[in-house]
Amino acid sequence: MLALEGGRPVRETPIVPRPDVYSDEVLSAIAEVLRAGALAAHHGRWVRALEEELARYAGVRHAIATSSGTAALHIALKAIGVGPGDEVVTSPLTFASSATAALHANAVPVFADIDKETLNLDPASVEERITERTRAIVVVHLAGMPAEMDELVKIAERHGVKVVEDAAQALGAEYRGRRVGSIGHVSAFSFYATKHVAAGEGGAVATDVTAYAERARLLRSHGETEKYWYELLGYNYRMTELQGVLAYYQLRQLPEALRRREAYVKALLDELAPLEGDLLLIPRPRPYMRHAWHLVQALLLVERLSKPRDYVVRAVRAEGVLNAFVAYPAPLYRTPLFQRREGHGRGCPWSCPHYRGRVKYAPLPNAEWAAERVMSLLVTPNLTEQDAVDTAAAIKKVLGALRR
Ligand SMILES: Cc1ncc(COP(=O)(O)O)c(C=O)c1O
């Protein structure tokens with residue numbers, strides 16, 4: 001019997017996702033920051049060290065650490081000149097920031113459909129949505145799976161628009177031998193608590209273009225060129241030294257942590273293979289991609305199940321798999337924020353009230369399809385191959401019991 005319905009769970013001690021265990025080296029570095037009282041970036045060396053390490057790791061000339069991934073995306077868009085009247089094409093199946101960054105820059109997010117095999121932007125749909133007002137494409141590498149960069153970059157070049165990589169979920173992923181975050185004009189990473197590098201909160205802008213890097217640095221800190229001299233309207237999007245030290249050490253450990261993620265995912269996919277095509281589908285990286293496995297996205301074939309997706313996810317969690325959740329339950333354009341804002345006219349900043357009702361976000365069939373079916377498993381480096389076997393057992397138990 002399913003644990004949700006009163007049976008015994010597959011795991012008595014639940015599987016709980018968590019970031020890496022911090023080594024003694026990290027703990028003593030944190031103590032040193034605290035003892036020195038060097039909390040802000042300009043008092044210490046860790047944020048700077050993180051930026052250098054990230055630039056080297058990602059394969060870009062410049063990295064600018066920020067207070068969050070959202071802040072990084074916002075100033076990345078502003079650094080490339082996105083502003084009022086511009087349109088920014090992005091995916092609807094992502095975290096809010098991929099689209100709200102455009103709103104914060106007074107631009108208009110325009111959603112393109114996704115590819116059902118990767119859940120990333122479908123290049124053909126992106127091209128259909130480009131207009132003379134399009135300034136950028138925010139390409140999300142969802143779940144750690146690289147988007148189809150060659151085609152997206154070609155489309156961007158053809159139309160003279162910029163490519164912004166939202167690599168918040170994909171640090172360490174590779175596309176044709178290049179690390180994601182180094183392929184577009186500018187990129188954003190996130191160091192939120194569940195990410196590959198988990199500093200609690202944090203992020204970074206990455207770019208090869210010195211002018212964008214300089215602008216992002218100014219925007220990060222009040223547009224201040226010299227002490228108390230303000231060149232433009234900036235923000236306080238700075239990272240603290242405590243975030244810097246946590247992120248620095250995890251970045252150093254990332255190659256090993258990625259291997260652990262891969263071992264967990266391989267075991268999980270091997271175990272789930274008998275269900276594939278029957279009760280679920282799992283997007284796989286193409287041969288020229290390295291997936292960073294922030295999430296395993298399982299698409300439940302709900303038409304063959306007697307209960308809806310949300311029931312399945314609750315049932316899997318009740319079996320002791322606490323890293324099961326839904327990313328994302330609805331395309332962004334269905335959420336109230338975007339529904340309320342849908343009244344903008346082409347090129348009109350969001351706040352322009354007299355355009356209300358003139359532009360609608362039409363449903364995108366593949367995004368709708370995926371949002372109804374997806375069950376996500378958060379992958380964290382503490383998860384073992386035994387956890388993978390137990391997770392697959394829980395999923396098999398639940399789907400087996402709910403098969404129509
Ligand atoms: C795809 C995507 N973009 C942007 C962000 C924003 O990052 P943060 O939470 O660090 O602001 C996130 C993270 O949560 C994300 O998953």
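A short tour of the structure in this document, coming up. As the structure is a computational prediction, the values presented were derived from the model and not from experiment.

Along the chain, the position of Lys-78 falls in helix α3 (residues 69-79). Setting aside residues no more than four positions away along its own chain, Lys-78 makes contact with Ala-105, Arg-215, Leu-219 and Tyr-235.

Two elements in contact, α3 and helix α7 (residues 210-220), have axes whose closest approach is 9 Å; the angle formed by their N-to-C orientations is 130°. Taken together, the axis directions place α3 and α7 in an arrangement best described as oblique. α7 is crossed by α3, and the crossing has right-handed handedness. Residues Ile-75, Lys-78 and Ala-79 of α3 pack against Tyr-212, Arg-215, Ala-216, Leu-219 and Arg-220 of α7. Within the contact of α3 with α7, the residues separate by chemical class into five nonpolar, no polar and three charged.

Attention shifts here to the sheet that holds strand β2 (residues 87-90). Spatially, seven strands are ordered β1-β9-β8-β5-β4-β2-β3 in an open sheet, and the strand pairing comes out mixed. Bordering the open sheet on either side are β1 (62-66) and β3 (108-111), each of which pairs with just one other strand. Neighbour-to-neighbour, the strand axes of the sheet open up by a mean angle of 25°, direction not taken into account. Judged from the four bridges that link them, β2 and strand β4 (residues 134-140) form a sheet pairing that is parallel. When the sheet's bridge partners are listed, Thr-90 is paired in β4 with Val-138.

Right, let's talk about the site of the ligand for a bit. What surrounds the ligand is a group of 16 residues, the closest being Gly-69, Thr-70, Asp-166, Ser-190 and Lys-195. Contacts to the ligand include Gly-69, whose backbone N or O atom sits 2.7 Å from an oxygen atom. Contacts to the ligand include Gln-169, whose side-chain N or O atom sits 2.8 Å from an oxygen atom. Computed on the free molecule, the ligand has an accessible area of 380 Å², of which 92% lies beneath the protein chains in the complex.

Formed by 61 residues in total, the largest nonpolar core has its most connected members in Val-296, Val-312, Ile-395 and Leu-399. Within the residue set of this core, elements represented by two or more residues are α4 (97-104), α8 (241-272), β14 (295-300), α9 (309-318), α11 (365-373), β16 (374-378) and α12 (385-402). A per-element tally of this core places α12 first, with seven residues. Those residues in contact with Val-312, other than ones at most four positions away along the chain, are Leu-300, Leu-305, Lys-307, Met-375, Val-398, Leu-399 and Leu-402. Listed in part, the 36 residues of the second largest apolar core include Tyr-57, Phe-189, Ala-204 and Tyr-248.

There is a patch of nonpolar side chains on the surface, built from Leu-34, Leu-39 and Leu-242 and spanning about 250 Å² of accessible area. Position of Leu-242 among the secondary structure elements: in helix α8.

So, on to the packing of α8 against α12. Following both chains from N to C, one finds α8 and α12 inclined at 30°, their axes separated by 8 Å at the closest point. The orientation of α8 with respect to α12, classified from their angle, is roughly parallel. The way α8 lies across α12 gives a crossing that is right-handed. For the pair α8 and α12, contact is made by Ala-263, Tyr-264, Ala-267, Leu-268, Glu-271 and Leu-272 and by Glu-385, Asp-387, Ala-388, Val-389, Thr-391, Ala-392, Ile-395 and Lys-396, respectively.

In this fold, Asn-120 is placed in the loop between β3 and α5 (123-129). Under the relative-accessibility criterion, Asn-120 is labelled buried at 2%. Engagement of the side chain of Asn-120 in a polar contact is seen with the backbone oxygen of Pro-146, the distance being 3.3 Å. Those residues in contact with Asn-120, other than ones at most four positions away along the chain, are Ile-114, Asp-115, Val-140, His-141, Leu-142, Met-145, Pro-146 and Ala-147.

Definitions and cut-offs
Residues numbered from 1 in each chain as written. Predicted model: local features only at pLDDT ≥ 70, side-chain atom pairs only at ≥ 80, totals over all residues. Heavy atoms only, no water. Helix = DSSP H or I, 4+ residues; strand = E, 2+ residues; numbered from the N terminus. Contact = heavy atoms within 4.5 Å. Axes fitted to C-alpha atoms, helices over the stretch in contact; angles between N-to-C directions. Parallel < 35°, antiparallel > 145°, perpendicular 65-115°, else oblique. Left-handed = near helix turned anticlockwise from the far one by under 90°. Nonpolar A, V, L, I, M, F, W, Y, C, P; charged D, E, K, R; others polar. Pairing = 2+ DSSP bridges. Near = heavy atom within 4 Å. Polar contact = N/O pair within 3.5 Å; in protein donor to acceptor, adjacent residues only side chain to side chain. Areas by Shrake-Rupley, 256 points an atom, 1.4 Å probe, with all protein chains shown as cover. Core = buried A, V, L, I, M, F, W, Y, C linked by side-chain atoms within 4.5 Å. Buried < 20%, exposed > 50% of the residue type's maximum accessible area, 1.4 Å probe, protein only. Patch = residues over 30% accessible without salt bridge, like charges linked within 9 Å, V, L, I, M, F, W, Y side chains within 5 Å. Salt bridge = Lys/Arg side-chain N within 4 Å of Asp/Glu carboxyl O.

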